[in-house]
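# Observations on the model geometry
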Amino acid sequence: MKDLKYLFAYSIPLSAYLALQWLGWWSWATVILAFVIFPVFDAVYPASSKNHSESEEKKRLSNRFFDLLLYICAPICFLLVFLYFQTINNTILSLNETIGLTFSIGVVLGSLGINVAHELGHRNNKWEQFLAKVGLLPVFYQHFYIEHNRGHHKHVSTDSDPATAKKNEPIYQFYLRSVIGQYLNAWKLEFERLKKKELKSISWSNEMIRFSAYQIGYLILISLYYGIGVLPYALAIGVVGFLLLETINYIEHYGLQRKKLENGRYERVMPKHSWNSDHEMGRIVLFELTRHSDHHYLASRKYQILRHMDDSPQLPTGYPASMLLALFPPLWFRIMNPRLEKFNS
């Protein structure tokens with residue numbers, strides 16, 4: 001029964017559905033839930049560093065419940081996106097309602113869409129990989145599937161990784177560097193892959209070209225069905241969604257650096273190269289993404305068996321509150337830099 005706690009992750013899309021139905025100040029329901037209510041829960045309930053035993057891990061790996069929770073996320077996201085477009089088209093909305101709904105749906109796409117796509121993108125099953133790519137479609141971030149798995153996990157916590165934030169780098173500067181850098185890296189990685197296979201770079205074999213076609217096709221289809229006026233809203237919820245991801249990227253590796261060895265290579269990725277959070281609410285609603293140190297140590301580990309690592313640096317609070325802190329660079333630096341310096345000493 002205790003595993004049913006992960007159902008609470010669906011409070012995020014539920015709040016967005018209520019926002020679309022009730023409007024008014026309810027339009028901001030998902031934003032308030034994610035960045036007011038969840039941080040309060042994280043502050044009230046103590047973090048848990050308890051890990052599952054080996055036998056418990058085996059049981060959890062064999063339990064399909066954990067996978068089914070992820071499989072329905074992409075369909076839920078698309079359902080809410082289409083309801084959002086219908087509301088935009090068929091309802092006279094105030095500016096407050098329009099902005100609130102846009103941010104609420106964007107938060108769903110970032111938390112239930114990109115986050116779950118991230119988890120499924122690490123799986124070897126083609127069906128799960130397909131769902132990962134589908135989940136990234138409405139945020140125009142399908143290149144993340146390439147760059148994250150073949151780029152970020154290889155270069156994390158080095159200057160070669162655009163998704164690793166540098167010490168004293170403001171998050172708004174990081175947004176620009178990470179968004180552009182990851183996109184360009186994805187193209188580079190695809191060109192390298194095709195060259196090794198002796199295939200043409202500019203062809204349908206290039207997954208970046210396919211992703212571009214899918215995303216443009218998505219925009220064309222919704223424009224034909226809902227009208228061209230829906231395009232700015234489709235782009236807006238996508239931007240909110242992928243900036244939510246980039247905010248998470250920012251806090252996950254802020255200031256952490258791997259050492260370069262005498263042979264010119266970097267040391268192996270270890271738990272100490274990712275900020276970890278054991279705060280319960282963030283763990284539940286983000287499907288254990290917050291145990292990020294173990295994820296980078298062994299990316300193939302499924303979310304339900306991720307472990308607390310004693311030698312990983314710990315965030316001062318859960319992910320939702322940490323993301324809020326990051327939006328205020330002076331406050332973020334004041335809180336995080338002493339932790340970073342203490343950890344590196």
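Residues numbered from 1 in each chain as written. Predicted model: local features only at pLDDT ≥ 70, side-chain atom pairs only at ≥ 80, totals over all residues. Heavy atoms only, no water.

Per an unreviewed UniProt entry, the recorded name for the protein chain is Fatty acid desaturase, and the organism is Belliella baltica. The protein chain has a UniProt comment under Sequence similarities (unreviewed entry) that states "Belongs to the fatty acid desaturase type 1 family. AlkB subfamily." In its Subcellular location (unreviewed entry) section, the UniProt record describing the protein chain reads: "Cell inner membrane". (UniProt positions renumbered as here; feature names shortened; annotations may be inferred.)

Moving on, we get to the overall build of the protein chain. Secondary structure assignment for the protein chain yields 15 helices and zero strands. In summary, the protein chain has a C-alpha radius of gyration of 20 Å against a globular reference of 20 Å for 345 residues, a match within 12%. Viewed in the frame of its principal axes, the protein chain has a C-alpha envelope of about 60 × 55 × 45 Å. Here the protein chain, with 345 residues, has 56% of them falling under the buried criterion. Looking at the protein chain alone, contacts between residues at least 24 apart form 72% of all its contacts between residues at least 6 apart. Taken as a whole, the protein chain presents about 16100 Å² of accessible surface, with 64% of it coming from carbon and sulfur. Once the 36 positive and 28 negative side-chain charges of the protein chain are each reduced to a mean point, those two points are 4 Å apart. (Helix = DSSP H or I, 4+ residues; strand = E, 2+ residues; numbered from the N terminus. Rg over C-alpha atoms; globule rule 2.2 N^0.38 Å. Buried < 20%, exposed > 50% of the residue type's maximum accessible area, 1.4 Å probe, protein only. Contact = heavy atoms within 4.5 Å. Areas by Shrake-Rupley, 256 points an atom, 1.4 Å probe, with all protein chains shown as cover. Lys, Arg positive; Asp, Glu negative; His and termini not counted. Charge placed at Lys NZ, Arg CZ, Asp CG, Glu CD.)

We now examine the packing of helix α14 (residues 319-326) against helix α15 (residues 329-344). Any two packed helices are characterised by the angle at which their axes cross and by the distance between the axes. The contact between α14 and α15 brings their axes to 7 Å, and the two run at 120°. Taken together, the axes of α14 and α15 are oblique relative to one another. Along the contact surface, α14 presents S322, L325 and A326, while α15 presents P329, L331, W332 and I335. Considered class by class, the residues forming the contact of α14 with α15 number six nonpolar, one polar and no charged. (Axes fitted to C-alpha atoms, helices over the stretch in contact; angles between N-to-C directions. Parallel < 35°, antiparallel > 145°, perpendicular 65-115°, else oblique. Nonpolar A, V, L, I, M, F, W, Y, C, P; charged D, E, K, R; others polar.)

Let us now look at helix α7 (residues 126-136). The periodicity of an α-helix, 3.6 residues per turn, causes residues three or four places apart in sequence to face the same way. Residues of α7 that are buried: E128, Q129, L131, A132, K133, G135 and L136. Looking at the buried positions of α7, the neighbouring elements they touch are α4 (65-71), α5 (73-90), α6 (95-121), α8 (143-155) and α10 (207-226). If you check the start of α7, you find a side-chain oxygen 2.7 Å away from the backbone N of W127, and it comes from N125. (Polar contact = N/O pair within 3.5 Å; in protein donor to acceptor, adjacent residues only side chain to side chain.)

UniProt's feature table lists "domain: Fatty acid desaturase" (unreviewed entry) at residues 101-310, given in the numbering used throughout. A distance of 40 Å separates the end C-alpha atoms of residues 101-310, which is 60% helix and 0% strand.

A few words now on the packing of aromatic side chains. Evaluation of the coordinates by the stated rule reveals 28 aromatic pairs. When the ring of Y6 is compared with that of F66, the centres are 6.0 Å apart and the planes differ by 75°; the resulting orientation is edge-to-face. Here Y6 is found in the segment before α1 (11-22), whereas its partner F66 is found in helix α4, with 60 residues between them in sequence. In this structure Y6 comes out as buried when scored by relative accessible area, which is 1%. Relative accessible area serves as the criterion here: at 0%, F66 is assigned to the buried category. Their ring planes at 45° and their centres at 6.0 Å tell us that F78 and F82 sit as a pair that is tilted. (Phe/Tyr/Trp six-rings, centres within 6.5 Å; stacked < 30°, edge-to-face > 60°.)

Here we come to unusual backbone geometry. With phi around 60°, E198 is a residue other than glycine that occupies positive phi space. Take E198: it is sitting in the loop between α9 (171-196) and α10. Backbone geometry places E288, a non-glycine residue, at a positive phi of 65°. Here E288 lies in the loop between α12 (280-285) and α13 (292-297).

Attention now goes to the pattern of salt bridges. Applying the stated criterion across every chain yields a total of 20 salt bridges. Here R60 makes a salt bridge to D3, at a shortest N to O gap of 2.7 Å. In this pair, R60 is assigned in helix α3 (residues 54-62) and D3 in the segment before α1, connecting sequence segments 57 residues apart. By relative accessible area, which is 18% here, D3 ends up buried. A salt bridge links D278 to R291; its shortest N-O distance comes to 3.0 Å. Pair noted here: D278 is in the loop between α11 (231-253) and α12 and R291 is in the loop between α12 and α13, with a separation of 13 residues, a long-range link. Accessibility assignment for this pair places D278 and R291 in one class, buried. (Salt bridge = Lys/Arg side-chain N within 4 Å of Asp/Glu carboxyl O.)

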